[in-house]
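# Per-entry structural report
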Amino acid sequence: MEESQELALTQLRKSVEKLSSSTEGYEKPTLMRFLVARSMDPVKAAKMFVDWQKWRASMVPPNGIPESEVTDELEFRKICLQGPTNSGHPLVLVITSKHFPSKDQVNFKKFVVYVLDKTIASGIKGNEVGDEKLVAVIDLANITYKNVDARGLITAFQFLQSYYPERLAKCYLLHMPGFFVTVWKFVCRFLEKATQEKIVIVTGGEELKKFEEEIGAEALPEEYGGRAKLTAIQDVLLPQSAPVTLTNNNSQTFSISRLQNLSISHFFFLTTATMATFTHQTPKTHFLSRLPLRARPRHFSARVKMSLQESAPSLAVVGVTGAVGQEFLSVLSDRDFPYSSVKMLASKRSAGKRVAFDGREYTVEELTAESFDGVDIALFSAGGSISKEFGPLAAEKGTIVVDNSSAFRMVDGVPLVIPEVNPEAMKGIKVGMGKGALIANPNCSTIICLMAVTPLHHHAKVKRMVVSTYQAASGAGAAAMEELVQQTREVLEGKPPTCNIFGQQYAFNLFSHNAPILDNGYNEEEMKLVKETRKIWNDTEVKVTATCIRVPVMRAHAESVNLQFENPLDENTAREILKKAPGVYIIDDRASNTFPTPLYVSNKDDVAVGRIRRDVSQDGNFGLDIFVCGDQIRKGAALNAVQIAEMLL
């Protein structure tokens, strides 16, 4: 074995030289990390090594990230440095409930580097060997959609699997909430097998016992059942004689806190940001009942007491096994929507499946005409044909139907509602009045667009609106999201992509929206935006045109909107209006070139707007351009429907 390792090391060094770099000064333990990460393939390991060298040189200054540059992040005291564990590795504890997305992403990345470097540095005894590792504990108690940081997800993957091979000994996830379980399973598809094997979801019982044994009472804080005191990372003082060489042992010396940071940073990103980008569902919940927390976890039992009430309305969720159906459940749970009972309804094919909601498991029932007996509110997301068949039947039985399909949107007498925009359209429809009703949820692109544009319309009256949409895979359903992931892996592996949903390559590509093309040359998606805007605004004269594009993004839409007004509206006034608009927030930092992105708004309730500027093709202040992003599954579908349901109470 030793002989084969030496041969691999020799081949790696030669391959690095062919790439115009050098391994001089790097000891065997450092180089072996890259070989192990690439299954002992010297050529692949050499490329990884050279990429790492270049990345380190561009990312981190020679003496590491000084504490003075990350004081804003340190202020929240969300990272604790403990240890060593029973295995001898330093322990970094991430308290995610204290984390909120940073406004300055560059500075946040510096903070991640600071954390990882200091953690690794704390575990070095004497001189750095090169194979030092760390243990991470991520406490997910009280994490919510409000403080999930999705922007770091991609960075996390790059950090862990490209730049910090074999630095992580183990990562424990504690107090995993229901919405994160399925997200984590989805994310694991992007992780190499070796990485997945180092991640442990602690759920109690034997896993909890093993966790306590591996960490050890001397490293585990009192709040988690150990004997140690919680110590914020900035309160830990390292000995001055702990330099670490990050380029090579013969040239530049770096502060030890630098190199190993990235392992942790990766996982800090993964656990706080990961949960954002993907479809959120509510499978089994995981809690460590024996681990008291500094911030008390939001146990589902408490939430059930708040939302499960005898006097509350009875609910039904139609299409519960789909992406939006699952999001219905998570939004209902997140918002503590009151209910006395809930029916989980789907097709005959899905009947019998088990669905978790608010800490309980329910059996999915087949949707039939009798399903709505005694149901007050039904949330539908099962496609237009199902809605047309069962929506009116439910309404006849006294159920108020909130439908997410296009079946009833343009039907006269059926309200088409965005609660922040036209709540008056639902006037007179309430639970307890003994009458059923149909209420339509607008198309996702319409909701996201009008959340930002309507406040400006109320101020200056929009005459003409030109919209270009960049729409995510989630709009075509869970199967499309799955296919995007599958295609991405296939293309990267040099395989032909599987094209079952769209009939063409979606990964690393974009194309005109897949909705059917109409006689006028527009597709159905584009005409939805045109017609729905006029109905919601109750303005048949407003001119709207749209071009809808499908882009390889997982679950959030982006829209470029050009506006022409009847009355003047300058960009500064527009910003002030949007700052006060409900459900909208501004990301519009020209100096740092920071604006809304689909990744940033994924799993967020609010719609982000930026790139607010005067349209220079129009005279005076009669035109504006804005850029809008919103989560297609959440505000574009499930959240809007649940907000409508809240207005029925």
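Residues numbered from 1 in each chain as written. Predicted model: local features only at pLDDT ≥ 70, side-chain atom pairs only at ≥ 80, totals over all residues. Heavy atoms only, no water.

### Quick notes on the confidence of the model for the protein
Parts of the model with low pLDDT should not have their predicted coordinates read in detail. When pLDDT is averaged across the protein, the result is 83; 83% of the residues are at 70 or more. Note that residues 241-306 has pLDDT below 50 and, in this model, 280 contacts with residues that lie over four places away or in other chains. (pLDDT = per-residue confidence, 0-100. Contact = heavy atoms within 4.5 Å.)

### Thoughts on the layout of surface pockets
In this model, the second largest pocket occupies a volume close to 750 Å³. Along the walls of the second largest pocket sit 34 residues, with Asn404, Ser474, Gly475, Ala476 and Gly477 positioned nearest its centre. Looking at the lining of the second largest pocket, the elements that each hand over two or more residues are α12 (323-334), α16 (524-537) and α19 (634-647). Among the residues forming the lining of the second largest pocket, the class breakdown is 10 nonpolar, 19 polar and 5 charged. (1 Å grid on protein atoms, 1.4 Å probe; cavity = no way out; pocket = protein on both sides within 12 Å on 5 of 7 lines; lining within 4 Å. Points joined across faces, edges and corners; volume = space filled by probe spheres on them. Helix = DSSP H or I, 4+ residues; strand = E, 2+ residues; numbered from the N terminus. Nonpolar A, V, L, I, M, F, W, Y, C, P; charged D, E, K, R; others polar.)

### Describing the packing of aromatic side chains
Per the stated rule, a full pass over the model turns up 13 aromatic pairs. Between Phe34 and Phe49, the ring centres sit 5.2 Å apart and the planes meet at 85°, which makes this aromatic pair edge-to-face. Residue Phe34 is located in helix α2 (residues 28-37), and its partner Phe49 is located in helix α3 (residues 42-59); the two are separated by 15 residues in the primary sequence. Measuring from centroid to centroid gives 6.4 Å for Tyr585 and Tyr600, while their planes differ by 55°, and the two rings are tilted. Of this pair, Tyr585 sits in strand β20 (residues 584-586) while Tyr600 sits in helix α18 (residues 598-601), placing them 15 residues apart in sequence. Residue Tyr600 is classed as buried on the basis of its relative accessible area, which comes to 12%. Taken together through their ring pairs, the aromatic side chains of Tyr26, Phe34, Phe49 and Trp52 make up a single cluster. In this arrangement the basic side chain of Lys604 is found over the ring face of Tyr600, its NZ or CZ atom lying 5.1 Å from the centre. Over the face of the ring belonging to Phe595 we find Arg611, whose NZ or CZ atom lies 5.3 Å from the ring centre. (Phe/Tyr/Trp six-rings, centres within 6.5 Å; stacked < 30°, edge-to-face > 60°. Buried < 20%, exposed > 50% of the residue type's maximum accessible area, 1.4 Å probe, protein only. Lys NZ or Arg CZ within 6 Å of the ring centre and 35° of its normal.)

### Quick word on helix α17 (residues 571-580)
Note that an α-helix has 3.6 residues per turn; residues three or four places apart therefore point the same way. All buried positions along α17 are accounted for by Glu571, Ala574, Arg575, Ile577 and Leu578. Buried residues of α17, viewed axially, fall in a sector of 165°; they line one side. With respect to the buried face of α17, the exposed residues turned more than 90 degrees away are Asn572, Lys579 and Lys580. Among the residues of α17, the N-terminal cap falls to Asp570, whose side-chain oxygen and the backbone nitrogen of Asn572 are separated by 3.0 Å. (Arc of directions from axis to C-beta. Polar contact = N/O pair within 3.5 Å; in protein donor to acceptor, adjacent residues only side chain to side chain.)

### A closer look at unusual backbone geometry
Both trends apply: most residues other than glycine have a negative phi, and most peptide bonds are in trans. Cis peptide bonds are those with omega within 30 degrees of zero, and the linkage from Gly83 to Pro84 qualifies with 0°. In this structure, Pro84 sits in the loop between β1 (79-82) and β2 (91-95). A positive phi angle, close to 50°, is found at Ser39, a residue other than glycine. Relative to the elements of secondary structure, Ser39 occurs in the loop between α2 and α3.

### Examining the sheet that holds β2
What the 5 strands build is an open sheet, ordered β1-β2-β3-β4-β5; its pairing is mixed. With one partner strand each, in any of the chains shown, β1 and β5 (199-201) form the two edges of the open sheet. Neighbour to neighbour, the strand axes of the sheet diverge by 20° on average, direction disregarded. Two elements, strand β3 (residues 134-139) and strand β4 (residues 168-174), share 6 bridges in a ladder whose sense is parallel. Counterpart to Leu134 in the pairing with β4 is Leu168. (Pairing = 2+ DSSP bridges. Axes fitted to C-alpha atoms, helices over the stretch in contact; angles between N-to-C directions.)

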